[in-house]
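Chain and residue survey
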Amino acid sequence: MEVTKVENVTRVYTVGDVETHALRGVTLGIQPGEFTALVGPSGSGKTTLLQLMGCLDQPTSGQVFINGKDVSQLNRNQRADMRRGTIGFIFQFFALIPTLTAYENIEVPLLLNGHTPAERRKRVQQLIEAVDLVERAHHRPDQLSGGQQQRVAIARALASTPSLILADEPTANLDTENGKQVMEIMTRLNQETGVTFVFATHDPRVFTYAHRVITLQDGLVVENGKSPRK
Amino acid sequence: MKTLIKMAFRDLGRNRRRSLFSMLALGMGLALLLLIASIYEGQMRLSLDTAIRLQTGHLQVRAANYNENKTSLAWEDLVADPQLVASQVASLPAVELATPRLYASGILSLGEKTNGVRVIGIDPDSTANQPFRLGLVSGEFITAEDRQGLLLGQPLADKLQVEVGDQVNLLVNTASGEVDEQNFTVRGIYDTHTPGYDRSTVFLPLAKAQAITQSENHASIIFILLKDRDLTGAVVNALSSSPYQVVTWEKMNELVLQTEEFSNAFLYVLYLIVLGITATVIVNTLVMAVFERTREIGILSAVGMKSNHIMAMFFIESSMLAIGGIIIGLILGGLMAWYAKTVGFYIGDMGVTGMLYGDRLYGHLVFEDIASASLVAFIITLVASLYPAILAARMEPVEALHGGKQL
Ligand SMILES: Nc1ncnc2c1ncn2[C@@H]1O[C@H](COP(=O)(O)OP(=O)(O)OP(=O)(O)O)[C@@H](O)[C@H]1O
Ligand SMILES: [Mg+2]
């Protein structure tokens, strides 16, 4: 069964009188353990698609399934419940809570999921090692480099052992070296834990890491195939 | 929950100056209210205290058909053998003192200048006269045997331009319903700093007052002070079998007590106005905080935080603002109330009829006022944060992550 599946979804944004058809009928599914890239020119609908697959947004029409469950009709709180513990997000801007330390940022999803303090300490420790930030655990985001912040974000996305992680241009704001490090951590975590990754990107160096590359254009899937590398 | 508190606290720390100003606004509003409450309470206490000490006492024993609005001197309206009655009352354990007083109305004149006065015959040796004895500004206190002397208040002396030793003419009503007059020597001038009282009250020794009004061995009232105001009920019971009417300080000071009730209601309205103003400052702070943190709200929502938690976070934040503001307010307000209590304010002669005021007003802050003002401040702050909190909770995660749509 697919971790996430969209069937014939459309998404129309209405701002004032202007309607933007961000997605015009997209159907695709992501299998457990996949490491998939979503590519396409700016404005092609990558972010919109990730948000629908991640239950962050609702489609204008069509259906979205998370682990086989139809989530197209859920309300805001039901969607929050669905995301929590099932889906992790990584954003282009390093979306950390500025007032919390790296450690505390990683802890947030665990708190929301009601883990015991002992479980949380163990899990955060483990994640912080996995993203190689032990010395930086008690720094605030503004005391961390972009790459370090993005690694905290990865650790946070993984914290509540989700089955799916959606990453929207995780390397776009990083230099080559840091971008590479982030992609390698993601690849490793995918291999070690089997967690499914879908990431949007423009960057040709990044989608060579992918098992599968899905190309969007003008809100439609124009190509859905194996990575050029694999 | 702990994390929500931690986040809320650090969020306040993020914009320290703004948080501080919001707290200050609330604090100053609260401090102002505490000052006003203390002045109100002080005024009421003072007024009641003054009235009891100078005029009404805690209790009065009067003849059954005495009417205080008439100053009748007919014998059937008076207490006969007043010294005896007074000493009987004074023997009750709860009674501090009991002394007879005779009231008459009169006109005091010096040459062309005249003034209507209330003549009170007192037992000059009673400690009930302490306020006048201590308030003596010139001359001497009258004595029981004095047949020529009287005592008058400073404002009256000023008005008639008399000094100690001057001869004045006093015209009084008598028991037979006629009038009599006689020249007196001003023995002393007193000032209780209660202009409403001092400007119209003249004292004679009781024996002389009885003589001139032809009411031998009678008094209008027995003036009674108790060891404690709260013993009133017990003493009233003890005196219930007597043929006299016994009137309590509550009854005699109804006007003051009613005014207090009314002013309490007024105080609440004032609370709402002052705190309503500070609430707008807090709404403003929190609305700005919500807009600045739109993206974070999006992140928290993406991670799976529900709307009610997001709301709770902002409520905690405003509670912290409220508590900080209340602490500031209590400190500032405490200082101001302390100043009002120890130094006081000069108010002069307010000339409110029916109430006696001193010319200096001292604040008095009671716990009840502190508690109610603080509570109202806290509740109003929370109500004020409702709108920003709802604003935050109702953001769609997708829009929030985009930095929020323009509102
Ligand atoms: N919240 C929104 N309100 C209105 N229009 C939007 C909104 N989000 C996206 N769009 C529009 O929908 C279309 C698809 O946007 P989307 O962000 O999905 O593209 P993208 O492929 O992620 O682009 P990029 O590579 O620049 O991130 C664009 O035309 C965009 O302007
Ligand atoms: Mg995008």
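Values in this document were obtained by computation on a predicted structure and should not be read as measured data.

1. As for the side chain of Lys46(A)
Residue and element names in this part refer to chain A.
- With respect to the helices and strands, the residue Lys-46 is situated in helix α1 (residues 46–53).
- For the buried Lys-46, which has no salt bridge, the nearest side chain bearing the opposite charge is Glu-169, at an N-O separation of 4.5 Å.
- At a separation of 3.2 Å, a polar atom in the side chain of Lys-46 contacts the main-chain carbonyl oxygen of Pro-41.
- Apart from residues no more than four positions distant in its own chain, Lys-46 is found in contact with Leu-38, Val-39, Gly-40, Pro-41, Glu-169, Ala-200, Thr-201, His-202 and Leu-216.

2. Comments concerning the nonpolar core
- Grouped together as the largest cluster of nonpolar side chains are 56 residues, with contacts concentrated most on Val6(A), Val26(A), Leu28(A), Leu49(A), Met53(A), Leu166(A) and Phe314(B).
- For Phe314(B), the contacting residues outside a window of four places in its chain are Ala289(B), Val290(B), Arg293(B), Ile297(B), Ala389(B) and Ala392(B).
- Membership of the second largest hydrophobic core comes to 40 residues, among which are Ile165(A), Met183(A), Leu189(A) and Phe207(A).

3. Some points on the sheet that holds strand β5 (residues 69–70) of chain A
- Taken in spatial order, the 4 strands line up as β2-β1-β4-β5 (chain A) in an open sheet, and their pairing is antiparallel. Both outer strands of the open sheet, β2 (18–30) and β5 of chain A, are each paired with one neighbouring strand and no more.

4. Quick notes on the interface of chain B and chain A
- The interface is formed by 25 residues belonging to chain B together with 27 residues belonging to chain A.
- Buried surface at the junction of chain B and chain A, both sides included, amounts to about 2,400 Å², of which 62% is carbon and sulfur.
- When the buried surface of chain B facing chain A is broken down by residue, Arg10(B), Val303(B) and Val398(B) rank first, second and third, together holding 24% of it.
- At the surface where chain B touches chain A, the tally comes to 1 salt bridge.
- Close ionic contact of Asp81(A) with Lys306(B) constitutes a salt bridge, the shortest N to O distance being 3.2 Å.

5. A closer look at the site of ligand 1
- The full set close to ligand 1 counts 15 residues, and Ser42(A), Gly43(A), Lys46(A), Thr47(A) and Thr48(A) are the nearest of them.
- Ligand 1 sits at a junction of chains, with neighbouring residues supplied by chains A and B.
- Between an oxygen atom of ligand 1 and a side-chain N or O atom of Ser42(A), the distance comes to 2.4 Å.
- Gly45(A) is positioned with one of its backbone polar atoms (N or O) 3.0 Å from an oxygen atom of ligand 1.
- Counting only elements with at least two residues in the shell around ligand 1, the list comes to β1 (4–15), β2 and α1 of chain A.
- Ranked by residue count, the leading element in the shell around ligand 1 is α1(A), at 3 residues.

6. Structural notes on the packing of helix α2 (residues 16–56) of chain B against helix α13 (residues 367–393) of chain B
All names here are of chain B.
- In the contact formed by α2 and α13, the axes pass within 10 Å of each other and the chain directions differ by 150°. In terms of orientation, α2 and α13 fall into the roughly antiparallel class. Note that α2 runs across α13; the crossing there is right-handed. Residues Leu-26, Leu-30, Leu-34, Ala-37 and Glu-41 of α2 lie in contact with α13, whose contacting residues are Asp-369, Ile-370, Ala-373, Ser-374, Ala-377 and Thr-381.

7. What to know about the pairing of strand β3 (residues 95–110) of chain B
All names here are of chain B.
- Most of β3 sits inside the fold, with 12 of its 16 residues counted as buried.
- As defined by bridge partners, β3 adjoins strand β4 (residues 113–122) across 10 bridges and the pair is classed as antiparallel. Opposite Ser-105, over in β4, you have Arg-118 as the bridge partner.
- Counting the residues between successive antiparallel strands, the hairpin from β3 to β4 contains 2 residues, one of them, Gly-111, with a positive phi of roughly 60°.

8. Details of the confidence of the model for chain A
- The pLDDT averaged across chain A works out to 86; a share of 98% of its residues lies at or above 70.
- When mean pLDDT is taken per element in chain A, α1(A) scores highest with 91 and helix α7 (residues 204–207) of chain A scores lowest with 77.

9. Structural notes on the confidence of the model for chain B
- Averaged over all residues, the pLDDT of chain B is 86; the fraction at 70 or higher stands at 95%.
- Among the scores for the predicted complex, ipTM is 0.85 and pTM is 0.71.

10. Concerning the pattern of salt bridges
Residues and elements named next belong to chain A.
- Going through the model one piece at a time under the given rule, you end up with 12 salt bridges over all chains.
- Ionic pairing is found between Glu-7 and Lys-5, a salt bridge with its closest N-O pair at 3.5 Å.
- The exposure class assigned to Lys-5 is partly exposed, which follows from its relative accessible area of 23%.
- Residues Asp-81 and Arg-84 are paired through a salt bridge, measuring 2.8 Å at the closest nitrogen-oxygen approach.

11. Re the pairing of strand β4 (residues 61–66) of chain A
Residues and elements named next belong to chain A.
- By the bridge criterion, 5 bridges tie β1 to β4 in an arrangement that is antiparallel. The residue bridging Val-6 from the neighbouring strand is Val-64, located in β4.
- Between β4 and the antiparallel strand that follows it, β5, lie 2 residues; Asn-67 among them carries a positive phi value of about 45°.

12. What about the environment of Leu255(B)?
- As for its position among the elements, Leu255(B) is in helix α10 (residues 254–292).
- In this structure the C-alpha to C-alpha distance between Leu255(B) and Leu48(B), which are 207 residues apart in sequence, comes to 9.8 Å.

13. Here's the deal with the domain arrangement of chain B
- When cut into domains, chain B gives domain 1 (2–52 + 256–401) and domain 2 (64–243).
- Using only C-alpha atoms to locate each centre, domain 1 of chain B and domain 2 of chain B end up separated by 50 Å.

14. Describing empty space enclosed by the protein
- Per the stated rule, a full pass over the model turns up 4 cavities of 30 Å³ or more.
- In this structure, the largest cavity encloses a volume near 90 Å³.
- In terms of residue count, the dominant contributor to the lining of the largest cavity is strand β6 (residues 87–90) of chain A (3 residues).
- A per-class count over the lining of the largest cavity returns 5 nonpolar, 3 polar and 3 charged.
- Space inside the second largest cavity adds up to approximately 60 Å³.
- Taken together, Arg76(A), Asn77(A), Ala80(A), Arg83(A), Ser301(B), Met305(B), Lys306(B), Ser307(B), Ile310(B), Ala392(B), Ala393(B) and Met395(B) make up the full set of residues lining the second largest cavity.

15. Section: the packing of α10(B) against α13(B)
Residues and elements named next belong to chain B.
- It is the contact of α10 with α13, at a shortest axis distance of 8 Å, that shows an interaxial angle of 35°. Along this stretch, α10 crosses α13, giving a crossing that reads as right-handed.
- In terms of residue class, the contact of α10 with α13 is made up of 21 nonpolar, 4 polar and 1 charged.

Parameters at a glance
Each chain carries its own residue numbering, running from 1 in the direction its sequence is written. Chains and ligands are labelled sequentially in the order written, the chains with letters from A and the ligands with numbers from 1. Only residues with pLDDT of at least 70 are given local features in this predicted model, and only at 80 or more are side-chain atom pairs given and counted; all residues enter the totals for whole chains, interfaces and linings. To obtain the side-chain values, all non-hydrogen atoms of the structure were included, while hydrogens and water were left out. Each helix corresponds to a stretch of at least 4 residues labelled H or I by DSSP, and each strand to a stretch of at least 2 residues labelled E; elements are numbered beginning at the N terminus. Buried residues are those whose accessible area, probed at 1.4 Å on protein chains only, stays under 20% of the maximum for their type, while exposed residues exceed 50% and partly exposed ones sit between those limits. For this count, His and the chain ends are skipped, Lys and Arg are scored as positive, and Asp and Glu as negative. A carboxyl oxygen of Asp or Glu within 4 Å of a side-chain nitrogen of Lys or Arg is what we treat as a salt bridge. In protein, a polar contact means a hydrogen-donor-capable atom and an acceptor-capable atom, both N or O and within 3.5 Å, with residues adjacent in sequence counting only if both atoms are side-chain atoms; elsewhere, any N or O pair within 3.5 Å suffices. Note on definitions: a residue-residue contact is assigned when non-hydrogen atoms from the two residues lie within 4.5 Å. Joining through side-chain atoms within 4.5 Å is the link that ties buried Ala, Val, Leu, Ile, Met, Phe, Trp, Tyr and Cys residues into a set, and such a set is a nonpolar core. Two strands qualify as a pair provided DSSP detects at least 2 bridges between them. Summed over both partners, the accessible area (1.4 Å probe) lost when two parts come together is defined as the buried area. Near residues are defined by distance, with any heavy atom within 4 Å of the molecule or strand qualifying the residue. What counts as an axis is a line fitted to C-alpha atoms, over the stretch in contact for a helix, and the angles between N-to-C directions run from 0 to 180 degrees. An angle counts as roughly parallel when it lies under 35 degrees, as roughly antiparallel when it exceeds 145, as roughly perpendicular when it falls between 65 and 115, and as oblique in every other case. Should the near helix be turned anticlockwise from the far one by less than a right angle, the crossing is left-handed, and should it be turned clockwise, the crossing is right-handed. Every residue gets a pLDDT, meaning the predictor's confidence in that residue, from 0 to 100. Either an automatic procedure or a domain database provided the assignment from which the domain bounds are taken. Points on a 1 Å grid over protein atoms alone make up a cavity when a 1.4 Å probe fits among them but cannot get out, and a pocket when they form an open set with protein on both sides within 12 Å along at least five of seven lines; lining residues each have an atom within 4 Å of a point. Grid points are joined across faces, edges and corners, and a volume is the space filled by probe spheres set on the points. Three classes are used: nonpolar for Ala, Val, Leu, Ile, Met, Phe, Trp, Tyr, Cys and Pro, charged for Asp, Glu, Lys and Arg, and polar for all others, with Gly counted as polar.

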